[in-house]
Amino acid sequence: MKQRVLKLLRVSERPQLPPGDRASIDCFRASRAHLRYSVLMWVPKQILALGALLASLAFFGGLDPPVEMAGLDRVFEVVERIEIKLLNIPVDLEWLLVTGESIAITAFLVQGVFTGALLKIRWELRWYMVGDEVLRIREGLWHLREQTMTIANIQNMIIRQGPVQRFFGISDLIVHTAGGGAGEDANDASGTAGKGNLHTGHIRGVTNASEIQERIQSRLRQLRGAGLGNDARDNPRQAEAFAMADAEAGAALLAEVRGLRVDLADR
Amino acid sequence: MNDERTSILGTWRPDSNLMKYYTLESLLLGPFFPFLLLPRFLRVRTLRYVFDEEGVRMSWGVLFRREASLTYERIQDIHLTSNLVQRHLGLGTVQIQTASGTANAEVTIEGLKEFEQVRDHLYSRMRGVTSPPKEVPTARHGTGEIAALLRELTAEIAALRRDLAEREPSG
């Protein structure tokens, strides 16, 4: 079932690791508690939708044969006239209501089963990759989204935990790189692949957020530069050039001192 | 044109599937689809991507020509996105972000079937990614050289001091 869905959607279950030093990369999913959390977040939405459905059913059921609302009366009248005039079909109001109601009920059930069944697959497709140099987040089912940033470019990190998340013992680690732009959905905890801010990476639903943060922080401490553009000292080719210059300067100094000694010896 | 290329470097034209994707996209507008289809068509016809050693450049447009370029080292984030239709057409979108203040990606590469290769190419040239390890030992060798020179210098100065000390009683 799952394999079939994935094949139909053309999504591979496992993500692609970035090239380079793959040994240092931890590739992991959100914690299992995050799945339970997203199920729990899904339930109230469904209850709300069910409430709305029942309310509208009660409303339309109350009107049954005698249409009381003036506005609706007008609408039905217009519909009736159009249909009788144009299509020569007698309109059965009751039939219209029943069809509408059954469409609404079916739609609710279908979306409920569908979104519910996909919660687990969605969770399985959410991957985080944390390495010594790279951070990559992949998520999404319909809309696949993969974000890659280097650790060196990370500006700051935020750990966020809501009350329900605290109950499950999970939290979100949010990573920012430099650059502005509106559109960050600060309160979006649903875990869906929203557009959001492209400079923000969300590592949602992990039990060890502070550990990950500490790992990234310790890498950042070793790096110089502000995370903007290129720092020459972070570039091995430049570093080599610096080393060559050092050696040259040292050699010159050596020659000078040697000469001084010779001079002194001659005196 | 784009088959079997080993390196990303060079000029790229979008795949023909991009036009199919744009067509489907504009059909969503119903009867108004020509209003989206025509500009999209012109965009596909004129779209060019150029990858060189320093950065990437893209250009498009017929009446109003636009060209966007950035250097690899200033890339902040790389996003690879694809929706269901794009995946079935073998396409993907690579969005490249720099640290400028816009919310949208500075360069968006779409319509290349080699989007994964493009992403890896861009990533490997980003700031904070070490180059292949063969270059690092050279640098280390350099620091070792400095140390040796400094030791030699110390020996020289020590000899100098000895010379001076020998001279002092007589002078």
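Predicted model only: the values in this text are computed from it and were never measured.

Focus on helix α2 (residues 33-46) of chain B
Residues and elements named next belong to chain B.
Okay, so step 1: The first and last C-alpha atoms of α2 sit 20 Å apart over 14 residues, in line with the 20 Å expected at 1.5 Å per residue.
Okay, so step 2: Burial in α2 covers these residues: Leu37, Arg43, Val44 and Thr46.
Okay, so step 3: Where the residues of α2 are buried, they touch α1 (17-27), β2 (48-51), β3 (55-60) and β7 (107-110).

A word on the pattern of salt bridges
Residues and elements named next belong to chain A.
Okay, so step 1: Evaluation of the coordinates by the stated rule reveals 21 salt bridges over all chains.
Okay, so step 2: A salt bridge links Glu146 to Arg136; the shortest N-O distance between them is 3.7 Å. With Glu146 in strand β4 (residues 144-150) and Arg136 in strand β3 (residues 134-139), this residue pair connects regions lying ten residues apart in the sequence.
Okay, so step 3: Taken together, the shared-partner salt bridges connect Lys2, Glu13, Arg29, Lys120 and Glu124 into one network.

A word on the confidence of the model for chain B
Low pLDDT marks regions whose predicted coordinates should not be analysed in detail.
Residue and element names in this part refer to chain B.
Okay, so step 1: Mean pLDDT over chain B: 83, with 86% of residues reaching 70 or higher.
Okay, so step 2: Helix α5 (residues 136-170) is the least confidently modelled element of chain B, averaging 71 in pLDDT, while β2 averages 94, the highest of any element.
Okay, so step 3: Both scores are available for the predicted complex, with the pTM at 0.71 and the ipTM at 0.72.

Focus: the interface of chain A and chain B
Okay, so step 1: On the chain B side, the residues contacting the 56 residues of chain A number 51 residues.
Okay, so step 2: When chain A packs against chain B, close to 4800 Å² is buried across both sides, 52% of that on carbon and sulfur atoms.
Okay, so step 3: The partner of Glu156 of chain B in a salt bridge is Arg261 of chain A, and the shortest N-O contact between them spans 3.1 Å.
Okay, so step 4: Joining chain A to chain B, the criterion identifies 25 residue pairs in polar contact (both at pLDDT 80 or more).

Concerning the sheet that holds strand β5 (residues 77-82) of chain B
Okay, so step 1: Taken in spatial order, the seven strands line up as β1(A)-β2(A)-β3(A)-β4(A)-β5(B)-β6(B)-β7(B) in an open sheet, and their pairing is antiparallel. The outermost strands of the open sheet, each flanked by one partner alone, are β1 (26-29) of chain A together with β7 of chain B. Within this sheet the neighbouring strands show an average axis-to-axis angle of 15°, counted without direction.
Okay, so step 2: Here strand β2 (residues 127-130) of chain A runs beside β3 of chain A; their pairing, made up of four bridges, is antiparallel. Considered in β3 of chain A, the bridge of Val130 of chain A is made with Leu135 of chain A.

Focus: the sheet that holds strand β1 (residues 10-12) of chain B
Residue and element names in this part refer to chain B.
Okay, so step 1: With respect to topology, four strands assemble into an open sheet ordered β1-β2-β3-β4, the strand pairing being antiparallel. Looking at the sheet topology across the chains shown, the edges are occupied by β1 and β4 (66-71). Going from strand to strand, the sheet's axes swing by 15° on average, the running direction of each strand aside.
Okay, so step 2: Sheet topology note: the β3/β4 ladder contains six bridges and is antiparallel. Directly across from Ser59, in β4, lies its bridge partner Glu67.
Okay, so step 3: Seen against the sheet, α2 touches β2 and β3 and runs at an angle of roughly 135° to β3.

Describing the packing of aromatic side chains
Okay, so step 1: Evaluation of the coordinates by the stated rule reveals five aromatic pairs over all chains.
Okay, so step 2: Aromatic pair Tyr37 of chain A and Phe168 of chain A: ring centres 6.2 Å apart, planes at 80°, arrangement edge-to-face. Here Tyr37 of chain A, found in helix α2 (residues 32-63), pairs with Phe168 of chain A, found in helix α5 (residues 163-168); they are 131 residues apart in sequence, far enough to count as distant. Across the pair, Phe168 of chain A and Tyr37 of chain A agree in class, each one buried.
Okay, so step 3: Each ring, one from Tyr21 of chain B and one from Tyr22 of chain B, has its centre 6.3 Å from the other, and the planes form 40°; the classification is tilted.
Okay, so step 4: For Tyr22 of chain B, a relative accessible area of 1% translates into the label buried.
Okay, so step 5: Counting every residue linked through ring pairs, the aromatic cluster contains Tyr37, Phe167 and Phe168 of chain A.

Here's the deal with the side chain of His121 of chain B
All names here are of chain B.
Okay, so step 1: Within the secondary structure, His121 is located in helix α4 (residues 115-124).
Okay, so step 2: Among the residues examined, His121 registers a relative accessible area of 10% and is labelled buried.
Okay, so step 3: His121 has contacts with Ile8, Leu9, Phe51 and Tyr72, leaving out every residue within four places of it along the chain.

Thresholds, definitions, all that
Residues numbered from 1 in each chain as written. Chains lettered and ligands numbered in written order. Predicted model: local features only at pLDDT ≥ 70, side-chain atom pairs only at ≥ 80, totals over all residues. Heavy atoms only, no water. Helix = DSSP H or I, 4+ residues; strand = E, 2+ residues; numbered from the N terminus. Expected span 1.5 Å × (residues − 1). Buried < 20%, exposed > 50% of the residue type's maximum accessible area, 1.4 Å probe, protein only. Contact = heavy atoms within 4.5 Å. Salt bridge = Lys/Arg side-chain N within 4 Å of Asp/Glu carboxyl O. pLDDT = per-residue confidence, 0-100. Buried area = accessible area lost by both parts, 1.4 Å probe. Polar contact = N/O pair within 3.5 Å; in protein donor to acceptor, adjacent residues only side chain to side chain. Pairing = 2+ DSSP bridges. Axes fitted to C-alpha atoms, helices over the stretch in contact; angles between N-to-C directions. Phe/Tyr/Trp six-rings, centres within 6.5 Å; stacked < 30°, edge-to-face > 60°.

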